[in-house]
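Below are the chains, spelled out letter by letter.
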Amino acid sequence: MLFSLAVRNIVKSKGRSITTLLLSTFTTLFFIVYVAFMDGSHHQIIKSSVEAYTGYAHVNLKGYRDESGYDNLIENAERIEQILKNDRSVKAYSPRFETYALLSGDEKAVGSMIVGIIPSREASLSKLPHSLIKGEYLNDNDPNLIYIGSELAKRLKVDVGSQIAMVGSSIDYSIAADLFTVKGIFKTGLFDFDSQSAFVNKTYLDTVMLSQNMASYFTLCFHDNDKIDKVTTELQASLPEEVEAVNWKTLLTALVQAMLVDSLFGYISISIFFVVIFFVIMIFSYVNIYTRAREIGLLRALGLTSKDIFGMLFVEILILATVSIVVGTIIGASIAYYYELYPIVISGMAETYKEYGIVSDEMPMHFDLFTIAWNALTIFILNLAAIIYPVTKINKLTAMEAMRYV
Amino acid sequence: MYRHLAWLSIWRRKTRSMLVIMMIALSLSGLLGLQGLYDGMVSHLINTTIRSDSGEISLYAKEYRLNKSLDYRLSPLSTVENTLSKHQEISAYTMRLKQEGIVATARKSLGASLTGISLEKEQHFGQLDAFVTEGDYSFGKGNKGALIGSALAKKLNVTLHSRVIFTAQDATGEINAISFRISGMLKTGNPSIDDNAVFVSMEKMSAFLNLQESATQIAVRVKDTQNIEKIQNELQALWPDTDVLRWDELYPILIQMQELMDIFSLAFYAIVFVVATLGIFGVMLVSVLERMREFGIMLAIGTPYKMVRNQILLEAFFLGFIGYVGGAFLGGVLLFYMSTAGVDLRAFEAGLEMYGYSAMMYANMHLYYFFQAFFAVFFATLLSVIWPLRKLKKMKPIQTIQGKML
């Protein structure tokens, strides 16, 4: 009976029903899209940083991350290589040797990172080969050929075929110097990276730096990168004690934190919106319930308990909230899903915000059922909470008081 | 009289009015707090950039910004110095001689920039001394020391009194090296300094680069920010062959960020107040409808419609105004707290610093926030009574009194 009464009331008080329905639907939709958009852009930024060069995880000597000089090199790279090869969760891996050196073109000298890589194996680990914009990518037999970032090329004023002199120090701290020819130029869109990095075939660089069978670290990706924490811990178990496996959450701590702060501010902003919505729903419920005060008094006089009244009013908001949240969630989720597949494009954004690690004009949304579920649940609870006060207030009146209420 | 009537009417239904007032007050205080905080974040960013780098106006040799070579330098300096020091509206200026290269310890090397400065001038210019986190604001005994960016120091793993070597090309194109001890560390919040810069005395830098009386940048502080463009034009006219650029031309992204924040604030204001208007509307509509009979009698005994209208307008205005006063007070307290005690986000320090934000955030507090809020509330209340007033206007007093039409 309560249910049919509630339905009748909903149909009868159109104004309140429509307002509550529209508001909750819109709020649900807005919240889902807002969060999907926020998460989407964060994922995009982190993903491009991870995939451009860093990689999903590193294996390095303990202490390397605090002091990444020559004192903390992996000295028996073959041994680590064997372990990674036998680990079934690891999909691809490759050693890198990172150092800094002074590079000079015909007129200008610039300090830059120089990395020895195994070119063929980088293809499945980073975007390096795909970021080529001019010339050619390296191959595994290359001698003194170098693959440099577009901004670095600009700073050095060099082009494909130009020569670059390098002065650095080899691992015994003696001076290492060599002459390289530019084989290719790349652009990842990560401004800092493009202006400070150069790559050389590791086999060759090892002869210059005396770093045979050594590596700064191994970069790797797993079959299941979504469960990164779990697989990293498992990998750690099979590594020697002095070596550690760290994933991108640690490698890119600053970036992860920056995204977290951004989310925090996002949620604070939207919570103000929730305060207003909460009050508006409460006001409309309050007004609606009080215009029915006499009716409620009559029901009480006829023998309904205050519990029954509470139940009836609660069922009303339950029906309204459920309908609007289902509708809002379906529309919101569809929007999120659509824009995950076909991201919004804001042309020129990557160029403007290049120093902030934004590498693409695409702004995808992030479609995640769990996130959508808790977003919807939040609005649902908000709706139910908004009715508690009006209902308790009317239930404080006795049947006679309610009937006489003007 | 209608003023008195309006005031009494809003307290006839206390709870309902209080709900509206609370809605306005709470959302408004949140909006004010957020606006101040976002504003504070961006202006902090702008402020540190101006203090530690660009000043309000910077002078560069033409071409230098495209091609950071010592070939494009400002020289001789004495005439410029003479003019700047005598200019009435310039409060300070500083000269910097900068070159990019590689900074190295015995174990590690990184790309960095070395800048020759005068400590005294920088102190006067932007209180550079206030950014010193460790050590002294000095170049040590005989001006042989150097100040280093804190993030760079961390990456290099150097502490106070560590010895570092800087290698770069001098003005003749030769590669030179210079060594010094760290006498202090700087944390400005400007990533290009914290991550990248080493400062030495101007004399030492000039000797290292084989230059005399040269600078790559001259930065100027202006007494009154209203006059920036005027002074820019004056200086440009004096030295037509030099790039004379304002901070917002050098860092357009800062202005864009500010604009983006403003747009965001405004959009948020709009959304929140559209919803709030709906809340006020609900209450006003019901309050008018339930008193239709009363208004009918008033009109029937000869009260002009204008007076009844004014009464309702005033009721809405009172509600809005009380809400506004409450919100402005709460928001003011919140802003005052956030602008003096600050918001401690040190848990996310690394993430914030990556984008140049400081981990202790201070909100801005401007009078115009409160004006803006007042107009938003004012329009919201005005908008919310349009529909109820139309209802009232269409009413036929006699039928209403007879209870025939409601």
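So, how was this worked out
- Residues numbered from 1 in each chain as written.
- Chains lettered and ligands numbered in written order.
- Predicted model: local features only at pLDDT ≥ 70, side-chain atom pairs only at ≥ 80, totals over all residues.
- Helix = DSSP H or I, 4+ residues; strand = E, 2+ residues; numbered from the N terminus.
- Buried ≥ 20, exposed ≤ 12 C-beta atoms within 10 Å, placed from the backbone.
- Contact = placed C-beta atoms within 7 Å.
- Core = buried A, V, L, I, M, F, W, Y, C linked by C-beta atoms within 7 Å.
- Domains from an automatic or database assignment.
- Nonpolar A, V, L, I, M, F, W, Y, C, P; charged D, E, K, R; others polar.
- Axes fitted to C-alpha atoms, helices over the stretch in contact; angles between N-to-C directions.
- Left-handed = near helix turned anticlockwise from the far one by under 90°.
- Expected span 1.5 Å × (residues − 1).

### Observations regarding the overall build of chain A
Reasoning step 1: When its secondary structure is counted, chain A shows 15 helices and twelve strands.
Reasoning step 2: In terms of overall dimensions, chain A has C-alpha extents of about 100 × 45 × 30 Å along its principal axes.
Reasoning step 3: Per-residue burial over chain A gives 43% buried out of 406 residues.
Reasoning step 4: Residue pairs in contact within chain A that sit at least 24 positions apart in sequence constitute 80% of those at least 6 positions apart.

### Re the nonpolar core
Reasoning step 1: Membership of the largest hydrophobic core comes to 219 residues, with the highest contact counts inside it found for A:V276, A:V280, A:I283 and B:V198.
Reasoning step 2: Each residue touching B:V198, except ones within four places of it in the same chain, is listed here: B:V103, B:A112, B:L114, B:A146, B:I148 and B:F166.

### Considerations on the domain arrangement of chain B
Reasoning step 1: Taken as a whole, chain B is organised into domain 1 (2-48 + 254-402) and domain 2 (63-240).
Reasoning step 2: Distance between the C-alpha centres of domain 1 of chain B and domain 2 of chain B: 50 Å.

### Quick notes on the interface of chain B and chain A
Reasoning step 1: Each partner contributes residues to the interface: chain B has 47 residues there, and chain A has 43 residues.
Reasoning step 2: Among the secondary structure elements, those contributing two or more residues to the side of chain B that touches chain A are α2 (14-54), β2 (90-104), β3 (109-117), β6 (163-169), α10 (252-289) and α13 (349-354) of chain B.
Reasoning step 3: Of the residues forming the side of chain B that touches chain A, the biggest block, twelve residues, is contributed by α10(B).
Reasoning step 4: Tallied by class, the residues present in the side of chain B that touches chain A amount to 28 nonpolar, 15 polar and four charged.

### A word on the packing of α10(B) against helix α12 (residues 305-340) of chain B
Residues and elements named next belong to chain B.
Reasoning step 1: Running from N to C, α10 and α12 cross one another at 145°; their axes reach a closest spacing of 11 Å. Considering how the two elements wind past one another, α10 and α12 form a crossing that is right-handed. Here I280, M284 and V288 of α10 come into contact with α12, specifically with I312, A316, L319 and G320.
Reasoning step 2: Residue classes in the contact of α10 with α12 are distributed as six nonpolar, one polar and no charged.

### Details of α12(B)
Reasoning step 1: Here α12(B) is 36 residues long and its end C-alpha atoms lie 51 Å apart, about the 52 Å a rise of 1.5 Å per residue gives.
Reasoning step 2: Of the residues one or two after α12(B), B:G342 is the one with positive phi, at around 85°.

### Let's talk about helix α2 (residues 14-54) of chain A
Reasoning step 1: Spanning 41 residues, α2(A) covers 58 Å between terminal C-alpha atoms, matching the ideal 60 Å at 1.5 Å per step.
Reasoning step 2: Positive backbone phi, approximately 95°, marks A:G55, located one or two places after α2(A).

### Details of the environment of B:M284
Residue and element names in this part refer to chain B.
Reasoning step 1: Tracing the backbone shows M284 in helix α10.
Reasoning step 2: Here M284 falls in the buried class, since 23 other C-beta atoms lie within 10 Å of it.
Reasoning step 3: A C-alpha to C-alpha distance of 9.3 Å links M284 and T381, two positions 97 residues apart in sequence.
Reasoning step 4: Not counting residues up to four positions away in its chain, the partners in contact with M284 are A316, S384, V385 and P388.

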